[in-house]
Amino acid sequence: MKEKISELLARFEADLASGKSPDELRVAYLGKNGATAELMKELRNVPVDRKKEAGQMINGLKTKLEEEIGARARALEEEALQKAISSARRYNPTLPANNDLGSYHPITLVQREVEDVFASMGFTVEEYPEIVDDYHCFEALNIPKHHPARDMQDTYYLENGQLLKTHTSAAQNYIMKKYGAPLRAIFPSRCFRNEAIDACHENTFFQMEGMMIDRDISISNLIYFMKTMLSEVFGQDLRVRLRPGFFPFVEPGFELDISCLICGGEGCPSCKNSGWLELCPCGMIHPNVLTAGGIDPEEYTGFAFGLGLTRLAMMKYGVKDIRDFNAGSLRTLSQFKSR
Ligand code: PHE
């Protein structure tokens, strides 16, 4: 038996050296019909008094083979890992930086500009979630259930009864309650309406709401702030005018126009020869809205406006198709790199 074992061991070492895989070795030496199984069968022919010793020898052999095959398998794994590491592209901190920097989205650029101008006039910049409830989006804004004004804004409702905000006015009530009067705040946000999409309409767009509430705030304050801010943003001295507009949360309500950016008010194709461009709805905050926000309308008045940031960006950068803003096209967006 001893001889057979050392013979087998020699064969095994030769196989190992010749590079047989661990799997092959396992089958050949430790498998059901492998070499050690054969030896076990031969135990039958060993005289009784030597059986125990022979059995122990075979078991010792098996353990040794298992260890050696295991060691070979681990060595191969390690080798594969090292190969993968050394063939991977290495990070080289000494290479020059990639100068292909990203750029801000045009709407972000316009938003920041408007924020800066208003901040310099004492307004705080506020945040409010995009998912809101019916109370904040409508009820608190003097738009009761079944009011026809709800049809002006085709709302996306969620299964839990909440909705995607259709306008930034949805934060008015929250901000009034947060600060009380007097207050000056602007609050930009993405808004959503179920609109058919074309070059002028998107179901996802950005607005910037503004509110100023204090004693004796009047329409002339509204005109002054809008004129100052818009002249700054467009880098030219603009004229503004108000036309009547209807929104349940303002009284009186207006549409604010600015003098045409192209012709300065002379009349050209881009303003349809009127000399004016429609820019943003606004008005004096309705007493019911102030009351809902915990502010006494006998003591305070205020104005609010809902500036279309997307529209503003289109006008400022001469973007003709609103869909360019949400398309994520680098060809479009990278043009705003240097601004
Ligand atoms: N929230 C209105 C809209 O999006 C705009 C608006 C804001 C009108 C504030 C008046 C005052 O249609």
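What counts and how
- Residues numbered from 1 in each chain as written.
- Predicted model: local features only at pLDDT ≥ 70, side-chain atom pairs only at ≥ 80, totals over all residues.
- Heavy atoms only, no water.
- Helix = DSSP H or I, 4+ residues; strand = E, 2+ residues; numbered from the N terminus.
- Rg over C-alpha atoms; globule rule 2.2 N^0.38 Å.
- Buried < 20%, exposed > 50% of the residue type's maximum accessible area, 1.4 Å probe, protein only.
- Contact = heavy atoms within 4.5 Å.
- Areas by Shrake-Rupley, 256 points an atom, 1.4 Å probe, with all protein chains shown as cover.
- Lys, Arg positive; Asp, Glu negative; His and termini not counted.
- Charge placed at Lys NZ, Arg CZ, Asp CG, Glu CD.
- Near = heavy atom within 4 Å.
- Polar contact = N/O pair within 3.5 Å; in protein donor to acceptor, adjacent residues only side chain to side chain.
- 1 Å grid on protein atoms, 1.4 Å probe; cavity = no way out; pocket = protein on both sides within 12 Å on 5 of 7 lines; lining within 4 Å.
- Sits in = over half its atoms within 2 Å of the grid points.
- Nonpolar A, V, L, I, M, F, W, Y, C, P; charged D, E, K, R; others polar.
- Disulfide = S-S within 2.5 Å.
- Domains from an automatic or database assignment.
- Core = buried A, V, L, I, M, F, W, Y, C linked by side-chain atoms within 4.5 Å.

**A word on the overall build of the protein chain**
When you go through the protein chain residue by residue, the secondary structure sums to 12 helices and nine strands. For the protein chain, the C-alpha radius of gyration of 39 Å lies well beyond 20 Å, the compact-globule estimate for 339 residues. For the protein chain, the spread of C-alpha atoms along the three principal axes comes to 115 × 45 × 35 Å. Across the 339 residues that make up the protein chain, the buried fraction comes to 42%. Taking the intrachain contacts of the protein chain between residues at least 6 apart in sequence as the baseline, contacts between residues at least 24 apart amount to 66%. If you sum the accessible surface of the protein chain, you get close to 19300 Å²; carbon and sulfur atoms cover 51% of it. Averaging the locations of the 40 positively and 47 negatively charged side chains of the protein chain gives two centres separated by 9 Å.

**Observations regarding the environment of Cys268**
Locating Cys268 in the fold gives a position in the loop between strand S7 (250-259) and strand S8 (276-285). Placed 155 residues apart in sequence, Cys268 and Glu113 show a C-alpha to C-alpha distance of 27 Å. If we skip the residues at most four places from it in the chain, Cys268 touches Cys260, Ile262, Cys263 and Asn273.

**Comments concerning the site of the ligand**
Neighbouring the ligand are 14 residues, the closest being His167, Ser169, Arg193, Gln207 and Gly306. Side-chain polar atom of His167 to a nitrogen atom of the ligand: 2.9 Å apart, as the coordinates give it. In this structure, a nitrogen atom belonging to the ligand sits 2.8 Å away from a side-chain N or O atom of Ser169. Here the ligand loses 96% of its free accessible area of 330 Å² to cover by the protein chains. If you map the ligand onto the pockets, it falls in the largest pocket. Secondary structure elements with two or more residues in the shell around the ligand: strand S5 (204-214), S8 and strand S9 (301-308). At three residues, S9 tops the list of elements feeding residues into the shell around the ligand. Taken together, the residues of the shell around the ligand sort by class into seven nonpolar, five polar and two charged.

**Brief notes about the state of the cysteines**
Tallying each qualifying case throughout the model produces zero disulfides. The closest cysteine sulfur to the non-disulfide-bonded Cys137 is located on Cys191, 8.4 Å from its own sulfur. Owing to a relative accessible area of 0%, Cys137 belongs among the buried residues under this scheme. Among the cysteines around Cys263, which has no disulfide bond, Cys260 carries the closest sulfur, lying 3.6 Å off. A relative accessible area of 17% places Cys263 in the buried class.

**Some remarks on the domain arrangement of the protein chain**
In terms of domain boundaries, the protein chain breaks down into domain 1 (2-87) and domain 2 (106-333). Relative placement of domain 1 and domain 2: their C-alpha centres are 81 Å apart.

**A short note on the nonpolar core**
Membership of the largest hydrophobic core comes to 47 residues, with the highest contact counts inside it found for Val114, Met229, Leu230, Ile258, Phe305, Leu307 and Leu312. Within the residue set of this core, elements represented by two or more residues are helix H5 (106-119), S5, helix H8 (219-234), S7, S8, S9 and helix H10 (309-317). Among the elements that take part in this core, H8 stands out by supplying seven residues, more than any other. Excluding anything up to four places from it in sequence, Leu312 contacts Val110, Val114, Leu230, Val233, Phe234, Leu279 and Leu307. Formed by 26 residues, the second largest nonpolar core is a distinct cluster that contains Phe138, Ala149, Ala170 and Ile213.

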